[in-house]
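# Geometric and topological summary
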Amino acid sequence: VDERGLNGAGLIVVDKEDGVVHEEYWGGFDADRVSLIASSSKMIVAGVLMHLDDQGLLDIDAPVADIADWGSGNPQITPAQLLSNSSGLVGLGPNPAYLPYLCQFLSAGDLQTCAASIFTTDADDADVIVPDTQFRYGGAQWQIAGAAAEVASGTSWDQLIEQIYVEPCGVDSLAFNNHWTQLGPTGFVYPEEFNADPNTLEATDNPNIEGGAYITAPDYATLLLMHLRDGRCGDEQVLSPESIDRLHADRI
């Protein structure tokens, strides 16, 4: 904390058998502090899609076109490719603000409209490549995954998070928003304006799927422990053991 000039930090260590084995906070952090977790959102997102696969509501290896009408814009791409950054769509590099996909960072609009515009635009034709030929980290492919989950389940992203994680696991602090433009041009620097208060942000129907989650450290530790315990939160089976294995496999 001192070396990096931070205002605080939190550390929780979990063990499959013993649960939380260490918990400690420094500076302005405590167990109730809510933090934006950037790309640590991705573990949560991938679990949503695998939960729907467990329920038979989508096939993680079948084309998005089988789920959503707008999926015909890229008829070969599957949810598994979206979640492993191998869809062939443009990722965050070399230009995070890639114009055809800019809606992923805007709190205005809704997730379905954003996904449809990304997946059906011809403005990216020169930059999209064949799926499973290159690793392209992050970006709009995650927005597509979230929108596909909404269509497959007939449920909004916020409701999916509530039903899959918050209720069975008791992680009441977990939610998603789209903070990138709401808190000014912070880029990839943590926005101090958030100040551990989700009410800083206006509600949105277009959450940023890959990096828009916020949560407390103990609640995130609960989700990590669920992964160690074959997909169970207490007596609730959130994800099948097979889905947990798949999530932990190096598909690339």
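Residues numbered from 1 in each chain as written. Predicted model: local features only at pLDDT ≥ 70, side-chain atom pairs only at ≥ 80, totals over all residues. Heavy atoms only, no water.

### Quick look at the environment of S117
- Relative to the assigned elements, S117 resides in helix α3 (residues 111–120).
- Residue classification places S117 among the partly exposed positions, given a relative accessible area of 32%. (Helix = DSSP H or I, 4+ residues; strand = E, 2+ residues; numbered from the N terminus. Buried < 20%, exposed > 50% of the residue type's maximum accessible area, 1.4 Å probe, protein only.)

### Overview of the pairing of strand β2 (residues 19–27)
- Pairing of strand β1 (residues 8–15) with β2, which is carried by eight bridges, proceeds in the antiparallel orientation. Directly across from G10, in β2, lies its bridge partner Y25.
- Connecting β1 to the antiparallel partner β2 that follows it, the hairpin turn spans three residues. (Pairing = 2+ DSSP bridges.)

### Digging into the layout of surface pockets
- The computed volume of the largest pocket comes to approximately 730 Å³.
- For the largest pocket, the lining is made up of 27 residues, of which F29, R33, S35, L36 and Y190 are closest to its centre.
- When residues of the lining of the largest pocket are traced back to their parent elements, those giving at least two are β1, β3 (34–36), β5 (213–216) and α6 (217–228).
- In this model, the second largest pocket occupies a volume close to 380 Å³. (1 Å grid on protein atoms, 1.4 Å probe; cavity = no way out; pocket = protein on both sides within 12 Å on 5 of 7 lines; lining within 4 Å. Points joined across faces, edges and corners; volume = space filled by probe spheres on them.)

### Overview of the packing of helix α1 (residues 41–54) against helix α5 (residues 157–169)
- Axis separation between α1 and α5 bottoms out at 11 Å; the angle between their running directions is 80°. In terms of orientation, α1 and α5 fall into the roughly perpendicular class. In contact with M43, I44, V45, G47, V48, H51 and L52 of α1, α5 contributes W157, L160, I161, I164 and Y165.
- Here the residues of the contact of α1 with α5 sort into 10 nonpolar, two polar and no charged. (Axes fitted to C-alpha atoms, helices over the stretch in contact; angles between N-to-C directions. Parallel < 35°, antiparallel > 145°, perpendicular 65-115°, else oblique. Contact = heavy atoms within 4.5 Å. Nonpolar A, V, L, I, M, F, W, Y, C, P; charged D, E, K, R; others polar.)

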